[in-house]
Amino acid sequence: METLADDDEERYRSQFVKYIEDDVEAESLEELYSEAHKAIREDPFKKVEGAGPKKSKEEWKAISLKYKNKRLTKAEKQANVQKKIAQLLQQE
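Conventions and cut-offs
- Residues numbered from 1 in each chain as written.
- Predicted model: local features only at pLDDT ≥ 70, side-chain atom pairs only at ≥ 80, totals over all residues.
- Heavy atoms only, no water.
- Helix = DSSP H or I, 4+ residues; strand = E, 2+ residues; numbered from the N terminus.
- Buried < 20%, exposed > 50% of the residue type's maximum accessible area, 1.4 Å probe, protein only.
- Areas by Shrake-Rupley, 256 points an atom, 1.4 Å probe, with all protein chains shown as cover.
- pLDDT = per-residue confidence, 0-100.
- Expected span 1.5 Å × (residues − 1).
- Patch = residues over 30% accessible without salt bridge, like charges linked within 9 Å, V, L, I, M, F, W, Y side chains within 5 Å.
- Salt bridge = Lys/Arg side-chain N within 4 Å of Asp/Glu carboxyl O.
- Lys, Arg positive; Asp, Glu negative; His and termini not counted.
- Charge placed at Lys NZ, Arg CZ, Asp CG, Glu CD.

Some details on the overall build of the chain
Part 1: Summing up its helical and strand segments, the chain has six helices and zero strands in all.
Part 2: Its helices and strands taken in sequence order, the chain reads α-α-α-α-α-α from the N to the C terminus.
Part 3: Expressed as lengths along the three principal axes of its C-alpha atoms, the size of the chain is roughly 80 × 40 × 20 Å.
Part 4: The buried share among the 92 residues of the chain stands at 5%.
Part 5: Put simply, the chain shows about 9,400 Å² of open surface, and 53% of that area lies on carbon and sulfur atoms.

Some details on the environment of Gln82
Part 1: Assignment of secondary structure puts Gln82 in helix H6 (residues 74-91).
Part 2: Between the alpha carbons of Gln82 and Asp6 there is a distance of 79 Å; along the sequence they are 76 residues apart.

Describing the confidence of the model for the chain
Part 1: Residues of the chain with pLDDT of at least 70 account for 97%, and the chain-wide mean is 88.
Part 2: Predicted confidence in the chain is weakest over helix H1 (residues 2-7), with a mean pLDDT of 86, and strongest over H6, with 95.

Some words on H6
Since one α-helical turn is 3.6 residues long, residues separated by three or four positions face the same way.
Part 1: An ideal rise of 1.5 Å per residue puts 26 Å on 18 residues; H6 measures up with 26 Å between its terminal C-alpha atoms.
Part 2: Across the 18 residues that make up H6, only a small minority, zero, are buried.

A word on a positive patch on the surface
Part 1: A cluster of basic side chains, namely Lys57, Lys61, Lys68, Arg71 and Lys77, defines a positive patch on the protein surface.
Part 2: Here Lys61 lies in helix H5 (residues 57-65).
Part 3: Classification of Lys61 by relative accessible area gives exposed; the value is 54%.

Considerations on the pattern of salt bridges
Part 1: A complete count under the given rule lists one salt bridge for this structure.
Part 2: With a closest N to O distance of 3.3 Å, Arg13 and Glu9 form a salt bridge. Remark: Glu9 and Arg13 occur in helix H2 (residues 9-15); sequence separation between them is four residues, near one turn of the helix.

Brief notes about a negative patch on the surface
Part 1: Together, Glu2, Asp6, Asp7, Asp8, Glu10, Glu21, Asp22, Asp23, Glu25 and Glu27 make up a negatively charged patch on the protein surface.
Part 2: Per element, the largest residue contribution to the negative patch is three residues, and it comes from H1.
Part 3: Along the polypeptide, Asp8 turns up in the loop between H1 and H2.
Part 4: Under the relative-accessibility criterion, Asp8 is labelled partly exposed at 33%.

Okay, here's the thing in structure tokens:
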């Protein structure tokens, strides 16, 4: 980062635009990452602010069952086949 800032100012600005907007200098970059690493080590499962309470296994199961298709019985399958046969015969 420092080398690019010295050599090619335009390229430096294009590659590090987010760092420049956040006022992060090359000297403070290592400290920034070490603080982030330390925070992750302290609480690796940090919740997002504004997130609700954690859902239980039963709640997730109820949500997933909402999208699961009900399996048809053999009699229902045979009835569907007979309906399709009847429709094909009517078309002829």
